Structure formats: structure tokens, C-alpha cells
Amino acid sequence: MTYNVYKILTPEEWNAAKENGKVITELDQNDGFVHLSTSSQLGLTLSLYFRDHKKVALLQVDTNMIEDKLIFEESISKGDRAGLFPHIYGELSIEHITKSWFLERGAFILPDEVLAQCEN
């Protein structure tokens, strides 16, 4: 695979993941899969689900390591989002994370290398 997918966590969720080795969120547990975003989906995901957070952790996931668990599907909340969204049916381990960044409030300024992927 030649694309990247990303997971957004609160700093507390990221700290917990580093301690127990697995990325686990309440939303993912409730929905039965791990929610991810492509680079082009990050802006709206941040705006819709993290607007009340002053800081978040952005995690880049190694798609080669999760290829057999990764499925692109329509949004479960039909009408809110368009396109196909990456979901993992299974666990997301911190071993699957290739890079991480902390984004701070300021309209969540994304790293240039992530934004560049939107243009490809």
C-alpha cells in the first residue's frame, strides 16, 4: 500500500496506549472497530470530533502491518461525511504507529508532510 492512515487521540488516550501497548478508545469499543482517517479526511474529523480539545495526538499507522484488518467503508453516520473511511476490525497496537505528532489548538495546524499527501 502506498497511502497513510491516521488515528487521532486525546493526549490521555495516547499516554494510556503507550502504557498498555494498544490504542483503545471508548468510541472504537462502542462501534466495534477502530476509526481512522486518510490525510484528506483529517481536517473535518478534527473539526467534528475534537473541537473542544486544546491538544490532540496524531498517529500515522503503518498500513502494511494492518493490511489484513483494514477495510474502507461508508461512514456509519450517513449524511454527515462522504467517501470511504478506513476502519480496523481488530486491535491497533502502538507497534503499528510509524510517526506521532502533538497538534495544538490554533485550527489544528497539521504537519506539512501530512498536508502534502492531500495534493497527491
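Whatever comes next refers back to the structure up there.
Heads up: these notes are all about the structure in this document. (Residues numbered from 1 in each chain as written. Predicted model: local features only at pLDDT ≥ 70, side-chain atom pairs only at ≥ 80, totals over all residues. Heavy atoms only, no water.)

**Things to note about the side chain of histidine 87**
Phase 1: Within the element layout of this structure, histidine 87 appears in strand S7 (residues 84-88).
Phase 2: A polar contact of 2.7 Å, which involves the side chain of histidine 87, links it to the side chain of glutamate 73.
Phase 3: Excluding residues within four positions of it along the chain, histidine 87 makes contact with Phe33, Val34, His35, Lys69, Leu70, Ile71, Glu73 and Glu74. (Helix = DSSP H or I, 4+ residues; strand = E, 2+ residues; numbered from the N terminus. Polar contact = N/O pair within 3.5 Å; in protein donor to acceptor, adjacent residues only side chain to side chain. Contact = heavy atoms within 4.5 Å.)

**Notes on helix H3 (residues 42-49)**
Phase 1: Turning to H3, its buried residues are Leu42, Thr45 and Leu46. Taken around the axis of H3, the buried residues stretch over an arc of 100°, which confines them to a single face. (Buried < 20%, exposed > 50% of the residue type's maximum accessible area, 1.4 Å probe, protein only. Arc of directions from axis to C-beta.)

**Some details on the environment of histidine 53**
Phase 1: Along the chain, the position of histidine 53 falls in the loop between H3 and strand S5 (55-61).
Phase 2: Exposure remark for histidine 53: the relative accessible area of 27% places this residue in the partly exposed category.
Phase 3: Sequence separation between histidine 53 and proline 11 is 42 residues; the distance between their C-alpha atoms is 9.6 Å.

**Considerations on a nonpolar patch on the surface**
Phase 1: Among the surface-exposed residues, Tyr3, Phe72 and Leu84 lie close enough to one another that they form a single nonpolar patch of about 260 Å² accessible area.
Phase 2: Among the residues examined, leucine 84 registers a relative accessible area of 48% and is labelled partly exposed. (Patch = residues over 30% accessible without salt bridge, like charges linked within 9 Å, V, L, I, M, F, W, Y side chains within 5 Å. Areas by Shrake-Rupley, 256 points an atom, 1.4 Å probe, with all protein chains shown as cover. Salt bridge = Lys/Arg side-chain N within 4 Å of Asp/Glu carboxyl O.)

**Observations regarding the layout of surface pockets**
Phase 1: In this structure, the largest pocket occupies an estimated 450 Å³ of space.
Phase 2: Looking at the largest pocket, it is lined by 22 residues, and the ones nearest its centre are Leu27, Asp28, His35, Thr45 and Tyr49.
Phase 3: Counting residues per element, the ones that place at least two in the lining of the largest pocket are strand S1 (5-9), helix H2 (26-31), H3 and S7.
Phase 4: Grouping the amino acids of the lining of the largest pocket by side-chain chemistry returns nine nonpolar, seven polar and six charged. (1 Å grid on protein atoms, 1.4 Å probe; cavity = no way out; pocket = protein on both sides within 12 Å on 5 of 7 lines; lining within 4 Å. Points joined across faces, edges and corners; volume = space filled by probe spheres on them. Nonpolar A, V, L, I, M, F, W, Y, C, P; charged D, E, K, R; others polar.)

**A word on the pattern of salt bridges**
Phase 1: Inspection of the entire model under this criterion finds two salt bridges.
Phase 2: As a salt-bridge pair, lysine 7 and aspartate 28 come within 2.7 Å of each other at their nearest N and O atoms. One end of the pair, lysine 7, is in strand S1; the other, aspartate 28, is in helix H2, and 21 residues separate them in sequence.
Phase 3: For lysine 7, a relative accessible area of 4% translates into the label buried.
Phase 4: Overall, the relative accessible area of 6% leaves aspartate 28 in the buried class.
Phase 5: Taking the shortest distance from any N to any O, the salt bridge between glutamate 91 and lysine 22 comes out at 3.5 Å. A residue pair is termed long-range when its members are at least 10 positions apart, and glutamate 91 in the loop between S7 and strand S8 (92-93) and lysine 22 in strand S2 (residues 22-23) qualify at 69 residues.
Phase 6: On the basis of relative accessible area, glutamate 91 is assigned to the partly exposed category, the value being 46%.

Nothing here speaks to function; it is geometry throughout.
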